[in-house]
Amino acid sequence: MTNGLPDGEKQRTLGTFSGVFMPSILTILGIILFLRLGYVVGNAGLSGSLVIIGIATGVSVLTSISLSAIATNIDVGPGGDYYMISRTLGVEFGGAIGLVLFLAQAVSIAFYAIGFGEATAAVAGFEGELPAQVIAAAATVALFGLAWMGADVASKFQAVVMVLLVAALASFYLGAIPGFNSGVAGDNLSAPAGGLAFWTIFAIFFPAVTGFTQGVSLSGDLKDPGKSLPTGTFAAVGVSTVVYISIAILFAGNATSRFLIEDNGAMGSISAFGPLIDAGVIAATLSSAMASFLGAPRILQSLAADKVFPGLGFFAKGSGLTNNPRRGVLLSLAIAIATIGLGSLDAIAPLVSMFFLISYGLLNYATYYETRAKSPSFRPRFRFFNKRLSLLGSLACLGVMLAINPFAGAAAVLVIYGIYQYVGGRGRPERWADSARAHHFQRAKESIDAMRDELVHARNWRPQILAFSADPKRRHRLLEFGSWLEGGSGLTAAVQIVVGEGAVKRREVAEAQKQLDAQIAQLGLSVHGRAVLAPDPGEALPVIIQAFGLGPIHANTVLFGWPEDPAQERMDSFFAVVRDVIRLSVNTVILSSGDRSWSRLEAVPAKKRRIDVWYRDDDDASELALLSAYLFTRTDPWGGASIRVIGQAGDADPTEVTAELQDHLTTVRIPAEVVVLPTIDTSVVLNESAESTAVFLPMTLRRKNYEGPFGCDLDTLVAQLPFTVSLLAGQTIDLAAAPESGSPALLMAAEEQVAAAAKRLSTLETDLESARTELNRAETKAIETLEQADQARRDELAEKVEDLNRRVLSASARLERAKGELEAITAENGTP
């Protein structure tokens, strides 16, 4: 369907000239050209005016480049700016800009109509606001009739207006070129004393160029948007720039700055036939209003067809083979008439300009966003774009907003942001593909590349969990548990192994993947699911663990559910798998929670929950249990829960053990209550933790069996405690690691060793060189004098040189060993 009609039924009737160039050029060459350009030249001088035109044109050109890139990369549908932004940056940005652009275009009808009314009233000699408002309303109703009939009919009206505009410009050129005076132009080259500030003048002029995307709004009526949009837009910007520059130069050479400032009708005074300028003013205002009358309803129709906002569906339906949005035309008429009735539009005029500027900024940013994402699907036929130019265009739009009116700019941004948040918060399903996925992929790639070059250190450890489960009911609990275990700082992936091979099993895997994804979505968890096919799960599991991840992101923790079948054969098989996992230097966490204990857990409020950690000193599994308990408390379901760390005194003084354990908790910055018992066995654990919400049990693997903390019977604890977490550490867990400890400390020591060895070698080499020089002199002297003392001195120096040679060789070997150790540490810890 295309905006309420089946694909292929809608007729696209407009070409490049009538659909893009003409509405754009007629809006750009509008009332600013006829009534305000002379005022700009008078205040800014010719040089300042050309700078102003250059900056404004620069924004137009940069945005046109971005527009062309997007327009030639996708099949642009109805809605113009809204369509391109929504299909690139997403529905949130598109919906926000689409709604405000519709309102801005609808209000612009009134702006231009009032301009027409004022110009007509002045020509007719009427005074006061009422006649201008009546004329404006009548003109709006007349334009409504043209818009009601459709874009093809309206374009014929614009063709007539185009003829009047060309005639008006011809009249000005015929009068201004013969009257050009280079002396007057020289006097007007710089700004006069007491003129307006540069940015104030810029704010007056800039609305002149905001019409260069008017043709974009008719994208749904174009026969070939990919060709017409860039061609027509560039042509309109190019022609209008030549017109503005040439007329600014002619103004400067035909009238004094004072005359240009004081007489808004200077263009008519300079032209060969003044009435044609009045006709041009009237034509310019009507054509601009017509362009807005065509653009606003089509943006609304596209918004409605995309179901971005509730209640707009009524406006999706079009009329006739061209799908003319007559319902939107009616609403635009109502808004325009209401706006005309307000009379003074000064309060909202700046806000409307800001909405247009934001749309240009987002068009530029959309191209930068696409280019930055480096998606293979971004293959625009228009090749003359660059991501830096697009970013510059976006920043230029922001700068212009701040320069023109920072308060109106801030208000416009707040409005856009509010709508953005509303659309994003609705949670509607995605109805089209935008560039967000490509953007996120590129960011992930760059982050992974950056991580690869960073030092591996205990302080940067995060849980990267692989959860294995085939039972959807048990998996529900396992996945929720995994989200608590990662504490918002890690990653969890759910893996389901489908046992078998062949075509039937491959279809079963595809179905299992759908069910897994659906369950994760239903739970609303940040978990990534994957169903895999394997003939032997026991052999597949270690391979999956080793293959999981990319670069520095890999599994460091495997999560299982405790076997429901307590048969010895089943337990032996399960713990054989656990042993395989531990051999891979991966932590293992085993959750035991039945339906009853899970229900009991859910009934306890977060702040009343208690976690017991049975802690063995100098034990990585205990450290893992302590960290896991802390990560639990960083999640909403466990926020405010208390932690008890329970240790054993044994033969030591319980007070000293308590103090040591409390000091350790302070060092690792984990708030918890310390409980130290004289001795601990299975019955003590059962009694002490009977009322706890969750119990963390560091476990140990023996050659033929397994046991809980302090040698307790783990099977009994799991069977009788309500909610248990058994943990095995396959890695060193250092909760007290300082930034310089571990690998950095080794690295620093190795670097210092290399530096010391290099310094020692350099010193010895210097001493050796000096000794050799001294020996050469002594040998020469001994030969010349043949004195015994000189010969003894020579022999002494020869021994010294020999000794230094040996020491240099030794120091050189020591330096090579130090370098080898440094390289080994660097390679082992991934240091660049």
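Throughout what follows, the structure given in this document is the object of discussion. It should be emphasised that the depicted structure is a prediction, and the values quoted were computed from it without experimental measurement. In every chain, residue numbers begin from 1 and rise along the written sequence. In keeping with the predicted nature of the model, local features appear solely for residues at pLDDT of at least 70, side-chain atom pairs appear and are counted solely at 80 or more, and the whole-chain, interface and lining totals rest on all residues. For side-chain calculations, the full set of non-hydrogen atoms in the structure is used, while hydrogens and water are omitted.

1. A short note on helix 24 (residues 620-632)
One turn of the α-helix equals 3.6 residues, which is why residues spaced by three or four share an orientation. Filter applied, for reference: A run of H or I in DSSP counts as a helix once it spans at least four residues, and a run of E counts as a strand once it spans at least two, with each numbered from the N terminus. To estimate the expected span of a helix, subtract one from its residue number and multiply by 1.5 Å. Three labels apply to residues, based on accessible area from a 1.4 Å probe with only protein chains included: buried if under 20% of the type maximum, exposed if over 50%, partly exposed otherwise in between.
With 13 residues, helix 24 extends 18 Å between its outermost C-alpha atoms, agreeing within 8% with the 18 Å of an ideal straight helix rising 1.5 Å per residue. Extensive coverage of helix 24 is indicated by the burial of eleven of its 13 residues. Turning to helix 24, its buried residues are Ala-621, Ser-622, Glu-623, Leu-624, Ala-625, Leu-626, Leu-627, Ser-628, Ala-629, Leu-631 and Phe-632.

2. Things to note about the pattern of salt bridges
For clarity, the cut-off: What counts as a salt bridge is simple: a side-chain nitrogen of Lys or Arg found within 4 Å of a carboxyl oxygen of Asp or Glu.
This structure, assessed with the given rule, holds 16 salt bridges. Between Glu-446 and Arg-372 there is a salt bridge whose closest N-O contact spans 2.6 Å. With a gap of 74 residues between them, Glu-446 in helix 18 (residues 436-452) and Arg-372 in helix 15 (residues 349-373) connect regions that are remote in the sequence. Taking relative accessible area as the criterion, Glu-446 reaches 28% and is therefore assigned partly exposed. Residue Arg-372 is classed as partly exposed on the basis of its relative accessible area of 24%. Across the pair Asp-449 and Lys-445 runs a salt bridge whose closest N-O atoms are separated by 3.3 Å. Of this pair, Asp-449 and Lys-445 both sit in helix 18, four residues apart, roughly one helical turn. Of the residues examined, Asp-449 reaches a relative accessible area of 26% and is grouped as partly exposed. The class of Lys-445 is partly exposed, set by a relative accessible area of 40%. Salt bridges sharing partners connect three or more residues here, namely Arg-610, Asp-612, Arg-644 and Glu-688.

3. Some remarks on the nonpolar core
Our working rule: For the purposes of this section, nonpolar cores are sets of buried Ala, Val, Leu, Ile, Met, Phe, Trp, Tyr and Cys residues that join through side-chain atoms within 4.5 Å.
One finds Leu-33, Phe-205, Tyr-244 and Phe-251 to be the most contacted residues of the largest nonpolar core, which totals 125 residues. Of all hydrophobic cores here, the second largest spans 46 residues; its members include Leu-601, Leu-624, Ala-649 and Phe-723.

4. Topic: a negative patch on the surface
Spelled out, the test is: Two joining distances apply to patches: 9 Å for like charges and 5 Å for nonpolar side chains (Val, Leu, Ile, Met, Phe, Trp, Tyr), and every residue must have over 30% relative accessible area and no salt bridge. Exposure was quantified through the Shrake-Rupley algorithm and a 1.4 Å probe, taking into account, for residues, occlusion by the shown protein chains and nothing else. Here the positive residues are Lys and Arg and the negative ones are Asp and Glu; neither His nor the chain ends is included. Here the site of a charge means atom NZ of a Lys, CZ of an Arg, CG of an Asp or CD of a Glu.
A contiguous patch of negative charge on the surface is contributed by Asp-617, Asp-618, Asp-653, Glu-656, Glu-660 and Asp-663. When you line up the elements, Asp-617 lands in the loop between strand 8 (610-614) and helix 24.

5. What to know about the side chain of Ser-86
This is how the line gets drawn: Polar contact criterion, stated in full: a pair of N or O atoms within 3.5 Å, where within protein one must be able to donate a hydrogen and the other to accept it, and residues adjacent in sequence count only if both atoms are side-chain atoms.
Structurally, Ser-86 can be placed in helix 4 (residues 81-89). On the accessibility criterion, Ser-86 (0% relative accessible area) is buried. One polar contact links the side chain of Ser-86 to the main-chain carbonyl oxygen of Tyr-83, over a distance of 3.0 Å.

6. Some details on the sheet that holds strand 7 (residues 587-592)
For clarity, the cut-off: Whether two strands pair comes down to DSSP finding at least two bridges between them. Between the N-to-C directions of two axes lies an angle of 0 to 180 degrees, each axis being a line fitted to C-alpha atoms and, for a helix, fitted only over the stretch in contact. Whether two residues are in contact is decided by their heavy atoms: any pair within 4.5 Å suffices.
Judged by pairing direction, the sheet is mixed, and its ten strands sit side by side in the order 3-2-1-6-7-14-11-8-9-10 without closing on themselves. Edge positions in the sheet fall to strand 3 (527-534) and strand 10 (673-677), since each has one partner strand and no second. With direction set aside, neighbouring strand axes in the sheet form an average angle of 20°. As defined by bridge partners, strand 8 adjoins strand 11 (residues 694-698) across three bridges and the pair is classed as parallel. Following the sheet pairing, Val-613 is matched in strand 11 by Phe-696. Each of strand 7, strand 8, strand 9 (642-648), strand 11 and strand 14 (724-728) is contacted by helix 24, which is oriented at about 155° to strand 11, the strand it contacts most. The sheet contacts of helix 25 (residues 654-668) involve strand 9 and strand 10, and relative to strand 10 the element is tilted by about 150°.

7. Structural notes on the packing of aromatic side chains
We apply this condition: Pairing of aromatic side chains requires ring centres within 6.5 Å, counting the rings of Phe and Tyr and the six-membered ring of Trp. Pairs whose planes differ by under 30 degrees are stacked, by over 60 edge-to-face, and all others tilted. Definition used: whenever NZ (Lys) or CZ (Arg) falls within 6 Å of the ring centre and also within 35 degrees of the ring normal, the charge is taken to sit over that ring.
All told, the structure shown has 31 aromatic pairs when counted by the stated rule. A ring pair is formed by Phe-198 and Trp-199, whose centres lie 5.1 Å apart and whose planes are at 85°; its orientation type is edge-to-face. Between Phe-309 and Tyr-422, the ring centres sit 6.2 Å apart and the planes meet at 5°, which makes this aromatic pair stacked. Here the residue Phe-309 occupies a position in the loop between helix 13 (274-305) and helix 14 (326-342), and Tyr-422 occupies one in helix 17 (residues 406-425), the gap between them amounting to 113 residues. The class for Tyr-422 is partly exposed, based on a relative accessible area of 40%. Through a chain of ring-to-ring contacts, the aromatic side chains of Phe-481, Trp-484, Trp-598, Phe-632, Trp-638, Phe-696 and Phe-723 assemble into a single cluster. Against the face of Tyr-39 rests Arg-36, its NZ or CZ located 5.9 Å from the ring centre. The side chain of Arg-609 reaches across the aromatic face of Trp-638, ending 4.8 Å from its centre.

8. As for the pairing of strand 1 (residues 464-468)
Rules: When the strands point away from the viewer, a crossover counts as right-handed if the path from the first strand over the helix to the second runs clockwise.
Summarising burial for strand 1: five of the five residues are buried, a large majority. Burial of the side chains of strand 1 extends over both faces: Gln-464, Leu-466 and Phe-468 are buried on one face and Ile-465 and Ala-467 on the other. The pairing of strand 1 with strand 2 (residues 491-499) spans five bridges and is parallel. Counted as the bridge partner of Ile-465 is Thr-492 from strand 2. Traced from strand 1 through helix 19 (residues 472-486) to strand 2, the parallel crossover comes out right-handed. Summarising the sheet, strand 1 and strand 6 (residues 557-561) pair through three bridges and their orientation is parallel. Bridge pairing links Ile-465 to Thr-557 in strand 6.

9. Some points on a nonpolar patch on the surface
A surface patch of nonpolar side chains, about 270 Å² in accessible area, is lined by Leu-50, Phe-180, Ile-245 and Ile-249. One can find Ile-249 in helix 10 (residues 225-254).

10. Quick word on unusual backbone geometry
You will see that Lys-307, though not glycine, has its phi angle at about 55°, which is positive. Assignment of secondary structure puts Lys-307 in the loop between helix 13 and helix 14. Although it is not a glycine, Ser-585 adopts a positive phi angle of roughly 60°. One can find Ser-585 in the loop between helix 22 (568-583) and strand 7. Looking at Ser-585, the relative accessible area reads 41%, which means it is partly exposed.

By themselves, these observations are geometric and do not establish any function.
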